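Understanding the architecture of this molecule
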Amino acid sequence: MYTVRVRFAPSPTGTPHIGNIRTALFNWLFARHHGGKFVLRIEDTDRERLVPGSLEAIMDGLRWLGLDWDEGPEMGGPYEPYFQSQRLSTYQAYAEQLVAEGKAYPCYCSKERLEAMREEQKQRGEPAGYDRRCRYLTPRERSEFEAQGVTPVVRFAIPLEGETTYHDLMHGDVTIQNRILDDFVMLKSDGYPTYHFSVVVDDRLMAITHVLRADEWIPSTPRHVMLYQALGWQPPQFAHLPIILGPDRTKLSKRHGATSITAYEEDGYLPEAIVNFLALLGWSYDGVTEIFSRGELVARFDLDRVGTTPAIFAREKLDWMNGYYIRQLPAVDLAARLLPFLQKAGLLPADVGPDLTAYVEAIVPLIRERINLLSEAPQATEYFFREELRYEPGLLVQKGLTPEKTRTILLAARNAIAAQGSCEAARLEETLRPLAVELEVKTGQLFGAIRVAVTGRTATPPLFETIAVLGCQKALARIDEAIAALPG
Ligand code: GLU
């Protein structure tokens with residue numbers, strides 16, 4: 001039976017960028033939609049560019065987004081190992097086969113010779129590329145180099161005539177004249193393969209049916225197809241995903257708010273929102289619907305609705321979507337996700353017991369409309385946690401009132417709250433609203449003074465709910481402090 005098999009093949013050369021993750025997501029959705037397999041393969045053959053910790057960052061990012069892989073690191077699978085650095089003998093064997101068949105050749109040219117050659121090509125205004133000297137060495141010349149102990153690289157002998165065409169599921173037929181291609185290196189002198197070679201060998205040996213990757217790889221694909229042909233293999237299907245640009249239609253970068261996946265997590269984005277947002281970078285269902293649950297994406301995602309026009313990354317849209325998902329979460333769930341952010345801001349201890357958890361759960365409904373990112377919660381809730389409020393006492397004195405009058409109304413409010421047995425929002429309102437009439441001030445003035453006294457701020461969630469959650473005891477203590485702090 002035919003099973004869709006796709007792969008995400010990152011190089012551990014840094015934390016994955018949001019564009020890499022879009023590639024991972026499209027592969028994952030495609031696999032899940034077709035009941036296929038999603039393979040994680042680590043392309044770690046460029047030893048100089050390896051960055052310690054990036055493998056963990058890649059796997060953490062995928063796990064955070066719920067993009068589980070069926071085969072790969074930690075999972076194993078029928079085509080182990082899934083690290084290219086552990087497959088060197090396999091690549092070497094295929095390279096030897098191609099050399100034996102005359103489709104590849106050892107190249108003994110020194111770095112110095114290649115540099116001098118490039119320099120001459122530049123001066124003559126010729127395109128850069130290997131001049132194929134070693135392609136035409138006699139067996140005797142080869143043995144001489146070998147006898148000198150020169151370790152060769154292996155180059156692919158590009159067919160010098162004809163053209164190579166492959167069918168791209170997104171872009172249709174892509175054709176290239178063979179002669180414009182360089183005899184690229186397949187195997188380096190350290191025995192490691194180059195990307196072009198290992199990607200072909202592994203996609204074949206891992207029975208990959210569809211290669212879904214960024215469109216920056218389109219120019220490389222004819223080389224890959226030539227390798228498939230040389231090895232006598234049927235290539236997989238290729239689908240190159242549309243480029244992602246910033247709103248100014250330049251290459252996506254940090255300037256557009258596009259950063260590593262780790263940074264999104266730290267900034268307080270929800271994985272649900274990131275998945276939904278990334279799915280729309282190049283795919284659409286009906287061109288209108290924006291919100292898709294994970295299940296809906298799996299059910300609806302397919303390549304026929306992936307476009308070729310550039311996808312535009314708009315950070316504001318992501319923020320809006322994140323706010324949407326925040327508001328969809330049950331309070332208990334949102335509270336649990338906020339805890340680490342509140343702890344990091346020093347508002348909560350490392351060990352949060354059931355009382356504090358319940359307190360955060362009570363705060364959540366008051367602020368959920370006011371934040372788009374989890375990381376905005378500390379700022380939005382700080383006054384619920386601080387022992388002492390630090391604010392400008394002048395803020396207490398409302399427009400049209402004197403400090404004396406402010407003292408009077410705060411005292412009256414204090415006594416009214418103290419006399420009210422219950423600290424429910426509705427009861428507080430019943431008690432405080434008539435007080436304005438009695439004191440001959442506007443309700444805005446009375447409530448404004450109480451609001452600043454209790455929270456230190458002029459803008460907060462609804463006042464009575466805020467006091468109810470804060471607790472009347474704390475509110476009374478704060479009003480007392482505010483009275484004491486009033487400007488003389
Ligand atoms: N290792 C390549 C990368 O990091 C994979 C490209 C491909 O999917 O073929 O982008």
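Residue numbers run consecutively from 1 along every chain, following the written order of its sequence. Reporting in this predicted model follows two pLDDT cut-offs: at least 70 for local features of residues, and 80 or more for side-chain atom pairs to be given and counted; totals over whole chains, interfaces and linings ignore these cut-offs and use all residues. Here the side-chain values reflect all heavy atoms present in the structure, with hydrogen atoms and water set aside.

1. Considerations on the state of the cysteines
Pairs of cysteine sulfur atoms within 2.5 Å are what we label disulfides. In total, this model carries one disulfide according to the counting rule given. Each disulfide pairs two cysteine sulfurs, and for Cys423 the partner residue is Cys472, the sulfurs being separated by 2.0 Å. In this structure the cystine formed by Cys423 and Cys472 twists about its S-S bond by roughly 90°; its chirality is therefore right-handed. Highlighted residues: Cys423 in the loop between helix 15 (403-419) and helix 16 (425-439) and Cys472 in helix 19 (residues 472-485), separated in sequence by 49 residues. Buried means the residue's accessible area, taken with a 1.4 Å probe over protein chains only, is under 20% of the maximum for its type, while exposed means over 50%, and partly exposed covers the values in between. You can call Cys423 partly exposed: its relative accessible area is 23%. Judged by relative accessible area, which is 14%, Cys472 ranks as buried. Where helices and strands are cited, they refer to DSSP runs of H or I of at least four residues and of E of at least two residues respectively, numbered from the N terminus.

2. Looking at the pattern of salt bridges
Just to be clear on terms, a salt bridge is a Lys or Arg side-chain nitrogen sitting within 4 Å of an Asp or Glu carboxyl oxygen. Enumeration over the complete set of coordinates arrives at 31 salt bridges. Residue Asp70 is joined to Arg32 by a salt bridge in which the shortest nitrogen-to-oxygen separation is 3.1 Å. Note that Asp70 is positioned in the loop between helix 2 (54-64) and helix 3 (88-100) and Arg32 in helix 1 (residues 18-33), a separation of 38 residues in sequence. By relative accessible area, which is 25% here, Asp70 ends up partly exposed. Where Glu74 meets Arg63, a salt bridge forms, and the shortest distance between an N and an O atom there is 2.9 Å. With a gap of eleven residues between them, Glu74 in the loop between helix 2 and helix 3 and Arg63 in helix 2 connect regions that are remote in the sequence. Glu74 sits in the exposed class, given a relative accessible area of 63%. On the basis of relative accessibility, which here comes to 41%, the residue Arg63 falls in the partly exposed class.

3. A closer look at the packing of helix 3 against helix 6 (residues 195-205)
Whenever a helix is involved, its axis is fitted only over the stretch in contact; in every case the axis is a line through C-alpha atoms, and angles between N-to-C directions fall within 0 to 180 degrees. Two elements in contact, helix 3 and helix 6, have axes whose closest approach is 10 Å; the angle formed by their N-to-C orientations is 105°. One way to sum up the angle between helix 3 and helix 6 is to call them roughly perpendicular. Taken together, the residues of helix 6 that come into contact with helix 3 (itself represented by Thr90, Tyr91, Tyr94, Ala95 and Leu98) are Phe197, Ser198, Val201, Asp202 and Leu205. In terms of residue class, the contact of helix 3 with helix 6 is made up of seven nonpolar, two polar and one charged. The scheme is simple: roughly parallel for angles under 35 degrees, roughly antiparallel for over 145, roughly perpendicular for 65 to 115, oblique for anything else. Note on contacts: a residue pair qualifies if any of its non-hydrogen atoms lie within 4.5 Å across the two residues. Any residue outside Ala, Val, Leu, Ile, Met, Phe, Trp, Tyr, Cys, Pro, Asp, Glu, Lys and Arg is labelled polar, Gly included; the first ten of those are nonpolar and the last four are charged.

4. Some thoughts on the sheet that holds strand 4 (residues 153-156)
By definition, two strands form a pair when at least two bridges between them are found by DSSP. With antiparallel pairing, the three strands of this open sheet are ordered in space as 3-4-7. Strand pairing shows two members of the sheet lacking a second neighbour, strand 3 (104-107) and strand 7 (185-187), which therefore form its edges. In this sheet, neighbouring strand axes are inclined to one another by 45° on average, regardless of whether the strands run parallel or antiparallel. Looking at chain direction, strand 3 and strand 4 are connected through four bridges and run antiparallel. Within the sheet, the bridge partner assigned to Cys107 lies in strand 4 and is Val153.

5. Digging into the pairing of strand 5 (residues 163-168)
Only one face of strand 5 is buried: it carries Thr164, Tyr166 and Asp168, and the other face, with Glu163, Thr165 and His167, is open. As paired strands, strand 5 and strand 6 (residues 172-177) are joined by six bridges and run antiparallel to one another. Pairing of His167 across the sheet is with Asp173, part of strand 6. Between the antiparallel neighbours strand 5 and strand 6 lie three residues.

6. Examining the packing of aromatic side chains
Where two aromatic rings form a pair, the distance of their centres and the angle of their planes describe that pair. Think of it this way: a Phe, Tyr or Trp ring, Trp meaning its six-membered ring, pairs with another when their centres are within 6.5 Å, and the plane angle makes it stacked under 30 degrees, edge-to-face over 60, tilted otherwise. Within the structure shown, the criterion is met by 19 aromatic pairs. For the ring pair Phe26 and Phe301, a centre distance of 5.1 Å and an interplane angle of 65° mean the geometry is edge-to-face. Highlighted residues: Phe26 in helix 1 and Phe301 in the loop between helix 10 (294-300) and strand 11 (311-312), separated in sequence by 275 residues. Geometrically, the ring pair formed by Tyr324 and Tyr325 is edge-to-face, given 5.3 Å between the ring centres and 90° between the ring planes. On the basis of relative accessible area, Tyr324 is assigned to the partly exposed category, the value being 29%. Joined through ring pairs, the aromatic side chains of Phe26, Trp283, Tyr285, Phe292 and Phe301 make up one cluster. Just above the ring of Tyr285 sits the side chain of Arg300; from NZ or CZ to the centre is 4.4 Å. Criterion for a charge above a ring: Lys NZ or Arg CZ within 6 Å of the ring centre, and within 35 degrees of the ring normal.

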